[in-house]
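Reading the structure
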Amino acid sequence: MDIKKLKTAHREVAEMAECKEIFWTNPKSGNEKDLPFNMEDICEAQERLKRFAPYIAKAFPETEPSGGIIESELNEIPGMKKELEKMCGSFGGRLFLKCDSHLPVSGSIKARGGIYEVLKFAEKVAMEAGMLKETDDYSILTEPRFRELFGRYSVAVGSTGNLGLSIGIISAKLGFKVTVHMSADARQWKKDLLRSKGVMVVEYPDDYQKAVAEGRKEAAADPFCHFVDDEASQDLFLGYSVAALRIGKQFEKLGITVDEEHPLFVYIPCGVGGAPGGVAFGLKEVYGENAHIFFAEPTHAPCMTMSMITGLKNEIAVSDIGLDGRTEADGLAVGRASVLVSDVMETLLDGCYTIEDKRLYPFLSRLADTENIFIEPSSCASFPGPSLVAADTKWLEAKGLADKMKNASHILWATGGSMVPEDEMKSYYERGK
Ligand SMILES: *Cc1c(COP(=O)(O)O)cnc(C)c1O
């Protein structure tokens, strides 16, 4: 790979190599392209989650109020909007926070895709054993005979932390044996919590890619093991996409209109790409070109931004331009983007930007002060987004959006936080002050 050439061809690549923050808009956004999934796939995932709702409600009583549907609130955050405009620059429209940071069961966006994939696997195993039909009340899955059945199988995953939490919690609950291969970036409390639930945690001194590769290798040798492949899984991706079907009612309640005159802007922190990619794909299926999606990454691990700008997908890693991939935004410490997601996002993504680690903490504290919502540092990576978009008047004009920004709705997608131990959260908060 000729890195010098890449740097000359793309100014942003040269800047990223120096750990500078960048903002990039995608020239291919809106082009026609065949995609590997469609609306039917999203609806199928949604239907499966509905079948499982009676089980989820019984196995995780905190989901009873929502009937076993794992969903988060969408909140307007006007106090934070004022702060954000002071910190990063003004922008028109209203500001909202999608609180996947507080999703039940595992406290991060991984409670969408991760749990979905394990449920789908459990359904297949139970149906093949002749013990479950689609028309059954799935709460029977809490019965000991199912735990016995699932106990013959194992689930494995490689993770920077939150995916491990969600896969570990749901797999252990169903009765699967479960192994989580954790990268060096993973926080200690996440490993401790998993072990307390009977999950086998294997630690690696290397990065996330290595943890995934080891997990994949071990699982391949075992026909009774299902490996959740964060770099390539279609099930994970579709599990995330269901969020887009659910958000319509929340828009109605808040009086959010999405149409040509009222554009929607969504800003999501990105690691390997599965979670933000799935959500983005779903939103584009539902709201088409009136939804504009931006991904945010740490300056030390901007793998998807590099994938998108160079078009090299997973053939380029952050180490190729001399970056170490180390970041305090542990959920985003990924050196190489998913090829599946790079492919799907090529024409769907509106742009990417990067942020320095030290800027995450002040956002965290201000959000706590103004809205009393506590989220983890990774989750704050998206916060400069609305100001960055508003400042790019050239792009807004080219897209015909310049005079519509006063009607815009901006959603910061908070991706994790509610499971962070109190003392840990307190130290993040104090750092931000
Ligand atoms: C996993 C994660 C992301 C990004 O998801 P990817 O699928 O890795 O792109 C963002 N924020 C948090 C807190 C996460 O745990």
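If you're wondering where the values come from, they're calculated on a predicted model, not measured in any experiment.

Attention shifts here to unusual backbone geometry. The residue V105 is not glycine, and still its phi comes out positive at about 75 degrees. Inspection of the secondary structure assignment puts V105 in the loop between strand 3 (94–99) and helix 5 (110–128). Even without being a glycine, K313 presents a positive backbone phi close to 50 degrees. Here K313 is to be found in the loop between helix 13 (303–310) and helix 14 (339–345).

Turning next to the site of the ligand. Taken together, 16 residues surround the ligand, and among them K110, N162, G271, G273 and T415 come closest. At 2.7 Å from an oxygen atom of the ligand is found a side-chain nitrogen or oxygen belonging to N162. The fraction of the free accessible surface of the ligand (370 Å²) that becomes covered by protein chains is 98%. Top element by residues in the shell around the ligand is helix 12 (residues 274–287). It accounts for 3 residues. Taken together, the residues of the shell around the ligand break down into 6 nonpolar, 8 polar and 2 charged.

With the rule as written, the count across this model stands at 38 salt bridges. When the shortest N-O distance is used, the salt bridge between R145 and E143 registers 2.7 Å. We classify R145 as partly exposed; its relative accessible area is 41%. Between R195 and E203 there is a salt bridge whose closest N-O contact spans 3.0 Å. A relative accessible area of 37% means that R195 is categorised as partly exposed. With relative accessibility at 39%, the residue E203 sits in the partly exposed group. When salt bridges that share partners are traced, they join K28, K33, K313, D343 and E346 into one network.

This paragraph deals with the sheet that holds strand 2 (residues 74–76). One open sheet accounts for 7 strands, arranged 1-10-9-8-11-3-2; its pairing is mixed. Both outer strands of the open sheet, strand 1 (23–25) and strand 2, are each paired with one neighbouring strand and no more. Each neighbouring strand pair of the sheet contributes to a mean axis angle of 20 degrees, computed without reference to strand direction. Pairing of strand 9 (residues 291–298) with strand 10 (residues 351–355), which is carried by 5 bridges, proceeds in the parallel orientation. In the strand pairing of strand 10, E297 is matched with T354.

Our focus in this paragraph is helix 3 (residues 39–59). With 21 residues, helix 3 ought to run about 30 Å at 1.5 Å a step, and its terminal C-alpha atoms sit 29 Å apart, in line with that. Within helix 3, the axis deviates most sharply at F52, by approximately 45 degrees, and proline P54 lies no more than four positions further along. Residues of helix 3 that are buried include every one of I42, A45, Q46, R48, L49, R51, F52, A53, Y55, I56, A57 and A59, and no others. The elements touched by buried residues of helix 3 are helix 5, helix 7 (162–174), helix 10 (234–241), helix 11 (243–254) and helix 12. Capping the start of helix 3, N38 holds a side-chain oxygen 2.9 Å from the backbone nitrogen of E40, two or three residues further along.

Let us now look at a negative patch on the surface. There is a patch of like negative charges on the surface, built from E260, E261, E289 and D403. Structurally, the position occupied by E261 is in the loop between helix 11 and strand 8 (264–269). Classification of E261 as partly exposed rests on a relative accessible area of 41%.

The domain boundaries assigned to the protein chain delineate domain 1 (3–38 + 65–106 + 237–432) and domain 2 (109–233). Here the C-alpha centre of domain 2 lies 26 Å away from the C-alpha centre of domain 1. With 36 residues of domain 1 in contact, the opposing surface of domain 2 contributes 27 residues. Taken over both partners, the interface formed by domain 1 and domain 2 buries close to 2,600 Å², and the fraction arising from carbon and sulfur atoms is 55%. Considering only the side of domain 1, the residues that lose the most area to domain 2 are S106, Y240 and D330, jointly responsible for 22% of the buried surface there. Inspection of the region where domain 1 meets domain 2 yields 6 salt bridges. Linking E71 and R112 is a salt bridge whose minimum nitrogen-to-oxygen distance equals 2.7 Å. Along the contact surface separating domain 1 from domain 2 lie 11 residue pairs in polar contact (both at pLDDT 80 or more). Broken down by secondary-structure element, the contributors of at least two residues to the side of domain 1 that touches domain 2 are helix 10, helix 11, helix 12, helix 14 and helix 18 (422–432). In terms of residue count, the dominant contributor to the side of domain 1 that touches domain 2 is helix 10 (3 residues). Class assignment for the residues of the side of domain 1 that touches domain 2 results in 19 nonpolar, 7 polar and 10 charged.

Calculation notes
- Residues numbered from 1 in each chain as written.
- Predicted model: local features only at pLDDT ≥ 70, side-chain atom pairs only at ≥ 80, totals over all residues.
- Heavy atoms only, no water.
- Helix = DSSP H or I, 4+ residues; strand = E, 2+ residues; numbered from the N terminus.
- Near = heavy atom within 4 Å.
- Polar contact = N/O pair within 3.5 Å; in protein donor to acceptor, adjacent residues only side chain to side chain.
- Areas by Shrake-Rupley, 256 points an atom, 1.4 Å probe, with all protein chains shown as cover.
- Nonpolar A, V, L, I, M, F, W, Y, C, P; charged D, E, K, R; others polar.
- Salt bridge = Lys/Arg side-chain N within 4 Å of Asp/Glu carboxyl O.
- Buried < 20%, exposed > 50% of the residue type's maximum accessible area, 1.4 Å probe, protein only.
- Pairing = 2+ DSSP bridges.
- Axes fitted to C-alpha atoms, helices over the stretch in contact; angles between N-to-C directions.
- Expected span 1.5 Å × (residues − 1).
- Bend = angle between axes of the 7 residues up to and from the residue.
- Contact = heavy atoms within 4.5 Å.
- Patch = residues over 30% accessible without salt bridge, like charges linked within 9 Å, V, L, I, M, F, W, Y side chains within 5 Å.
- Lys, Arg positive; Asp, Glu negative; His and termini not counted.
- Charge placed at Lys NZ, Arg CZ, Asp CG, Glu CD.
- Domains from an automatic or database assignment.
- Buried area = accessible area lost by both parts, 1.4 Å probe.

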